[in-house]
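Working through the structure, step by step
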Amino acid sequence: MKIDAQGLYYKELNQKIREAVAGGATTIELEHVNGQYFIADGINKPVTITIRGVPGNDLAAFMNGATVVVNENAQDNIGNTMNAGKVVVHGHAGDVLGYGMRGGRLHIRKDVGYRVGIHMKSYQENKPVVIAGGKAGDFFGEYMAGGVLVLLGMFTDDPAKPKHGYLFGTGMHGGVIYVRGGVDVSRLAKEVGAYPLEAADQVELEGLLADYCKDFGLNLQEVMSEPFVKVLPKSKRPYGNMYCPMPK
Amino acid sequence: MTHHNQLFYEKEISNCGLTGFISKKGRRIGGETIIKSITLMHDRGNGLGGGFGAYGIYPDYADYYAFHLMYENGMAQQLTEEYLEANFRVEQQEEIPTRRIRAIANPPAFKRYFITPLKNDEYLEAVDYQGLTEEDVIVRHVMAINHEIEGAFVVSSGKNMGAFKGVGFPEEIAEFFRLEEYEGHIWTAHNRFPTNTPGWWGGAHPFTLLDWSIVHNGEISSYGINKRYLEMYGYLCTMLTDTEVVAYTLDLLIRKHGLPADLACTALAPPFWKLIDQLPEEERRLYTAVRQVYGSGLLNGPFAILFASNKGLIGLNDRVKLRPLVCAEHEDMVYMASEEAAIREICPNPSRIWAPRGGEPVIALMEN
């Protein structure tokens, strides 16, 4: 079903979406969206919501199993504490993506902002994945505790920009970050190091990127044609000795 | 276990919003455009402050300082007008046209004066013997009125520009000041969510001095250091709000000390020492000098600001980008806003849209 969001206040729009989901809709198309906050927040049915226009902040927060496709750019705070489901953004996205994300996938085609994957975590089969096809701002993977971040650096509107910003992996203590074509080691935070992939990593990464490529009609072989490095925390407790030394 | 009766409450989701644009060719654009952009971000404010900066709105009085005055009482107006008459030639004075609307209760009085300083003894003393410029004299008068006349506040004091601000949502302030009746080539707007300081008419953004105007999202935790630093140069902070220091610091750095705009931005949001150490020798020395000389001008805390003058519009984030800022270009227009949607609302398909790095100013200057 279609919903015309032109001029609709965010509360009205989200009310209509929730009513459609409760009524059993499996696909919802939102037309003329511009800046409405909180779209698809907390939706816990396997519905696909397609968005034309730029959705507002906090898209897909607490989402649990739905799929959101954004045909253009998106703003800040996508997938905050998301539990399951997927967000696909065909343009760029803003800051603080996947904050505290616990499961599901964020696939961004182009650039992403600062603090992507901050506080992302995983538990048993719940393993969140964020893949950015473009370049990233500072604090990529900040305080990351689990899950997978992937940075491709391939699709950007700003070719002059470096692939990633400073303080990469600040406070990271779990999970893994894969970066296509290597990282600028001088921009890594002191808590992390860059390492070559092992065979199992290669298998995991290829599986994740196959799904990503399918969403955007990309060639997996081309994406995999450059070697990746993985960035891992050097310690599981980077701040363990911050205030007083801890027993070994 | 049964659920308690759910208590729904309206969560406060505001966090300040700003937007602005410039026509680099100097085309004048009606107020309705900036109103549309800031109104999209209605929920970033909470009704305790809205305001606008507009440039190119007084072409008939372009050579006069346009003083926008806010009066809390009649005595303030009387004293201020005596002060102005003693120190200025008043070419034109009038009430700033307003429209009474339900949302705005008990507004102060607003008047504007198009003035040039009289070459009186005080002026000649300042210019001939103290090495001051005419603009320095204007700054002194602004500080004097704000500081010494209780209930009078200079809302703006630049040429061919004006600030319009108050307590209310920005769309309400725009309606109150009839902003759709103005045309300007640079506009900025602010939607306020006061956090640390009172929501009062003088505390709304923009903050101004001469033709500088600042709108700001964030908080300046270095306010005390910045304020004391500025006091050494005669700037008096009277607006009870942190943002005020940004206006005065830029006036000091750019107008008084002659720093180029980008270097002034570096002084406000310099790179970390660790990064400076990695730079090539010449840049390393430059940034080291800027940090050493202007250590007390550094703005600590999260911020996104837009600052404008008759020369152009500049956007700047704190160096770790703790507040949002998105920029776009289309033909001779440059847009800067807290949210991309606020730009799309008035420019649906810009040729370029991007998020600037923290500490990296976006500078859009007038052509010619």
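About the cut-offs
Residues numbered from 1 in each chain as written. Chains lettered and ligands numbered in written order. Predicted model: local features only at pLDDT ≥ 70, side-chain atom pairs only at ≥ 80, totals over all residues. Helix = DSSP H or I, 4+ residues; strand = E, 2+ residues; numbered from the N terminus. Rg over C-alpha atoms; globule rule 2.2 N^0.38 Å. Buried ≥ 20, exposed ≤ 12 C-beta atoms within 10 Å, placed from the backbone. Contact = placed C-beta atoms within 7 Å. Pairing = 2+ DSSP bridges. Axes fitted to C-alpha atoms, helices over the stretch in contact; angles between N-to-C directions. Nonpolar A, V, L, I, M, F, W, Y, C, P; charged D, E, K, R; others polar. Parallel < 35°, antiparallel > 145°, perpendicular 65-115°, else oblique. Left-handed = near helix turned anticlockwise from the far one by under 90°. Expected span 1.5 Å × (residues − 1). Arc of directions from axis to C-beta. pLDDT = per-residue confidence, 0-100.

A look at the overall build of chain A
For chain A, the count of helices and strands is 3 helices and 11 strands. Mapped in sequence order, the helices and strands of chain A form the string β-α-β-β-β-β-β-β-β-β-β-α-α-β. The C-alpha atoms of chain A give 18 Å as radius of gyration, which agrees with the globular expectation for 248 residues (18 Å, within 12%). Taking the principal axes of the C-alpha coordinates as reference, chain A spans close to 55 × 45 × 30 Å. Residues classed as buried in chain A amount to 52% of the 248 residues present. Across chain A, the fraction of contacts at a sequence separation of at least 24, relative to all contacts at a separation of at least 6, is 41%.

Some points on the overall build of chain B
Helix and strand counts for chain B come out as 11 helices and 18 strands. Here the C-alpha radius of gyration of chain B, 21 Å, is about what a compact globule of 368 residues would show, namely 21 Å. Taken along its principal axes, the extent of the C-alpha atoms in chain B is 75 × 60 × 45 Å. Every one of the 368 residues in chain B was classed for burial, and the buried ones make up 49%. Taking the intrachain contacts of chain B between residues at least 6 apart in sequence as the baseline, contacts between residues at least 24 apart amount to 75%.

Things to note about the sheet that holds strand E11 (residues 228-233) of chain A
Residue and element names in this part refer to chain A. Spatially, E1-E2-E3-E4-E5-E6-E7-E8-E9-E11-E10 is the arrangement adopted by the 11 strands of the open sheet, whose pairing is mixed. Two strands bound the open sheet, and with one partner strand each, they are strand E1 (2-4) and strand E10 (192-196). In this sheet, neighbouring strand axes are inclined to one another by 15° on average, regardless of whether the strands run parallel or antiparallel. The sheet contact formed by strand E4 (residues 64-70) and strand E5 (residues 84-89) spans 5 bridges and is parallel. When the bridges of E5 are listed, Thr 67 appears paired with Lys 86.

Thoughts on unusual backbone geometry
Across the junction of His 205 of chain B and Pro 206 of chain B, the peptide omega takes the value 5°, indicating a cis bond. The residue Pro 206 of chain B is located in the loop between strand E10 (186-191) and strand E11 (207-209) in this model. The phi torsion at Gln 124 of chain A lies on the positive side, around 50°, for a residue other than glycine.

Let's talk about the sheet that holds strand E7 (residues 152-156) of chain B
All names here are of chain B. Strand order in the open sheet made by the 4 strands is E5-E6-E4-E7, with antiparallel pairing throughout. One side of each edge strand has no neighbouring strand; the edge strands of this open sheet are strand E5 (88-95) and E7. Sheet twist, expressed as the average angle between the axes of neighbouring strands with direction ignored, equals 30°. Packed on one face of the sheet, helix H4 (residues 134-148) meets strand E4 (65-71), strand E6 (109-117) and E7 and runs near 140° to E7.

Regarding the pairing of E7 of chain B
Residues and elements named next belong to chain B. A large share of E7 lies buried, amounting to 5 of its 5 residues. One ladder, built from 4 bridges, connects E4 with E7; its direction is antiparallel. Across the sheet, the residue bridging to Tyr 71 is Ala 152, located in E7.

Quick word on the interface of chain B and chain A
Across the contact, 17 residues belong to chain B and 18 residues belong to chain A. Elements represented by at least two residues in the side of chain B that touches chain A include exactly helix H9 (273-278) and helix H11 (340-344) of chain B. A per-element tally of the side of chain B that touches chain A places H11 of chain B first, with 4 residues. Here the side of chain B that touches chain A is built from residues that sort into 8 nonpolar, 2 polar and 7 charged.

Topic: the environment of Ala 132 of chain A
Note on placement: Ala 132 of chain A falls in strand E7 (residues 129-132). Spatially, the C-alpha atoms of Ala 132 of chain A and Ala 160 of chain A are 17 Å apart, while their sequence positions differ by 28 residues.

Side note on the packing of helix H6 (residues 223-231) of chain B against helix H7 (residues 244-256) of chain B
Residues and elements named next belong to chain B. At a minimum axis distance of 10 Å, the contact between H6 and H7 shows a crossing angle of 45°. Considering their axes alone, H6 and H7 lie oblique with respect to each other. Our pair here, H6 against H7, has a crossing hand that is left-handed. The residues of H7 that touch H6, namely those facing Tyr 223, Asn 226, Lys 227 and Leu 230, are Val 245, Tyr 248, Thr 249 and Leu 252. Grouping the constituent residues of the contact of H6 with H7 by class yields 5 nonpolar, 2 polar and 1 charged.

A closer look at the packing of H7 of chain B against helix H8 (residues 261-268) of chain B
Residues and elements named next belong to chain B. In the contact formed by H7 and H8, the axes pass within 9 Å of each other and the chain directions differ by 135°. Taken together, the axis directions place H7 and H8 in an arrangement best described as oblique. Both H7 and H8 take part in a crossing whose hand is right-handed. Of the residues in H8, those touching H7 at Thr 249, Leu 250, Leu 253 and Ile 254 are Ala 261, Ala 264, Ala 267 and Leu 268.

Observations regarding H4 of chain B
All names here are of chain B. Compared with the 21 Å implied by 1.5 Å per residue over 15 residues, the 21 Å span of H4 between its first and last C-alpha is a close match. When H4 is considered as a whole, its buried residues turn out to be Ile 138, Val 139, His 141, Val 142 and Ile 145. All buried residues of H4 project into a common sector of 160° when viewed along the axis, lining one side. Elements that come into contact with the buried residues of H4 comprise E4, helix H2 (74-87), E6, E7 and E11.

Overview of the confidence of the model for chain B
Residue and element names in this part refer to chain B. Mean pLDDT over chain B: 94, with 96% of residues reaching 70 or higher. Within the model, the stretch residues 1-5 combines pLDDT values under 50 with 0 contacts to residues more than four positions away or in other chains. Across the whole predicted complex the pTM is 0.95, and at the interface the ipTM reaches 0.94.

Focus on the environment of His 257 of chain B
Residues and elements named next belong to chain B. Among the structural elements, His 257 can be located in the loop between H7 and H8. For His 257, a count of 14 C-beta atoms within 10 Å puts it in the partly exposed group. Separated by 150 residues in the primary sequence, His 257 and Pro 107 place their C-alpha atoms 38 Å from one another.

Let's talk about the environment of Phe 169 of chain B
All names here are of chain B. Within the element layout of this structure, Phe 169 appears in the loop between strand E8 (161-166) and helix H5 (170-176). Phe 169 gets classed as buried once you count the C-beta atoms within 10 Å, which come to 22. Expressed as a C-alpha distance, the spacing of Phe 169 and Ala 103, which sit 66 residues apart in the sequence, is 8.7 Å. Beyond its immediate sequence surroundings of up to four residues, Phe 169 is in contact with His 42, Gly 45, Gly 47, Gly 50 and Asn 191.

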